[in-house]
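Fold and geometry: a report
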Number of protein chains: 2
Amino acid sequence: MSLPKGYTIRRLQPSDYSKGVLKTLESLTTVGSISEPDFHKLVSHWNTVKDISGKYNIYNPLVILDESEVIVATGMIFIEEKIIHGLGLVGHIEDISVLSSQQGKKLGKFLIDELTRIGKEYGCYKIILDCDRKNVGFYEKCGYHEAGVEMQIRFESNKL
Amino acid sequence: MSLPKGYTIRRLQPSDYSKGVLKTLESLTTVGSISEPDFHKLVSHWNTVKDISGKYNIYNPLVILDESEVIVATGMIFIEEKIIHGLGLVGHIEDISVLSSQQGKKLGKFLIDELTRIGKEYGCYKIILDCDRKNVGFYEKCGYHEAGVEMQIRFESNKL
């Protein structure tokens, strides 16, 4: 499986603010007003959060760019370092978003495969993600299976 | 709601190896053989992983100790710093474990309430956790509601 001609995938960079990543995330959920310095600061911060060895990134945000260098898909895997399973690692896939105008090109599948590869190479004994019931079939095609129930609590006072 | 007399709750410390935390985690899942230096190193590492301000811990592991200073329950909330929701924060509750001999004292409820309080005070717009279907009722009593499906993929080669 490969990306459409001219498309590329790479780690999100602090300098990517004007490349469409926020617009892409807006097709997933509320993004809000984020300034370029604040964006730069967060993505730079992600680059400094390391695992116990000090070598590897905990936050691994990927972006897919089209032939015009516009970000059209994005997704994250972050790595949790646990006690259980012999100081085991668990990957959490979060914030998968593909521009609706880019549907049908299998960008989502490519992105999940890449994030999964990162988690596996990192040494995770499992990778988990939460999704709507309607997306279960998509993640099954990516090799995932249903494992439990996502529970949540929201704090409106803390919400944008 | 309060803990039984003589019981206390606090952050897990690197020096807690011999206080029963591994045995408590074994009632949840496989823990494996973890040496005291490796345990100390991981918990110390957790204490160094900070948020973007450099002030707050990303990993927040709690333990409940009985009147003999033995760890009888443990749980984690770690904080994910996102782009979405105006650089929003999401708390992830993980690895909730209560010694089976300590059931019926509402330690699990106390633990979840404390972890939830930490996430809320941190400023999380939501806290999420994954559980078995049979535990949905317990988490509903803690204020959580069903929000989606947990999907996972496992790598046996990376597993203890």
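Residues numbered from 1 in each chain as written. Chains lettered and ligands numbered in written order. Predicted model: local features only at pLDDT ≥ 70, side-chain atom pairs only at ≥ 80, totals over all residues. Heavy atoms only, no water.

Naming follows an unreviewed UniProt entry, where chain A appears as Glucosamine 6-phosphate N-acetyltransferase of Wickerhamomyces mucosus. The annotation that UniProt attaches to chain A under Catalytic activity (unreviewed entry) is "D-glucosamine 6-phosphate + acetyl-CoA = N-acetyl-D-glucosamine 6-phosphate + CoA + H(+)". (UniProt positions renumbered as here; feature names shortened; annotations may be inferred.)

Side note on the relation of the copies chain A and chain B
When chain A is fitted to chain B, the best match, at an RMSD of 0.0 Å, comes from turning it 180° and sliding it 0.0 Å along the axis. Taken together, these values place the two copies in the relation of a two-fold axis. (Least-squares fit on C-alpha atoms with pLDDT ≥ 70 in both.)

Thoughts on the pairing of strand β3 (residues 71-81) of chain A
In the case of a regular strand, side chains alternate between the two sheet surfaces. Residues and elements named next belong to chain A. Here β3 lies mainly inside the structure; eleven of its eleven residues are buried. Here strand β2 (residues 59-65) pairs with β3 via seven bridges, running antiparallel. Paired with I64 across the strands is A73, a residue of β3. Taking the residues between adjacent antiparallel strands as the criterion, β2 and β3 are bridged by five residues, where E69 takes a positive phi near 65°. In terms of strand pairing, β3 meets strand β4 (residues 89-98) through eight bridges, oriented antiparallel. The residue of β4 that forms the bridge with F78 is H92. (Buried < 20%, exposed > 50% of the residue type's maximum accessible area, 1.4 Å probe, protein only. Helix = DSSP H or I, 4+ residues; strand = E, 2+ residues; numbered from the N terminus. Pairing = 2+ DSSP bridges.)

Comments concerning the sheet that holds β4 of chain A
Two strands in a sheet stick together by hydrogen bonds in their backbones, pointing the same way (parallel) or opposite ways (antiparallel). Strand order in the open sheet formed by twelve strands is β1(A)-β2(A)-β3(A)-β4(A)-β5(A)-β6(B)-β6(A)-β5(B)-β4(B)-β3(B)-β2(B)-β1(B), with mixed pairing between adjacent strands. The open sheet has two edge strands with one neighbour each: β1 (8-11) of chain A together with β1 (8-11) of chain B. Strand-to-strand twist of the sheet, defined as the mean angle between neighbouring strand axes without regard to direction, takes the value 25°. Most of the contacts of helix α4 (residues 107-122) of chain A go to β3 of chain A, to which it runs at about 25°, and overall it touches β1, β2, β3, β4 and β5 (126-131) of chain A together with β6 (145-154) of chain B. (Axes fitted to C-alpha atoms, helices over the stretch in contact; angles between N-to-C directions. Contact = heavy atoms within 4.5 Å.)

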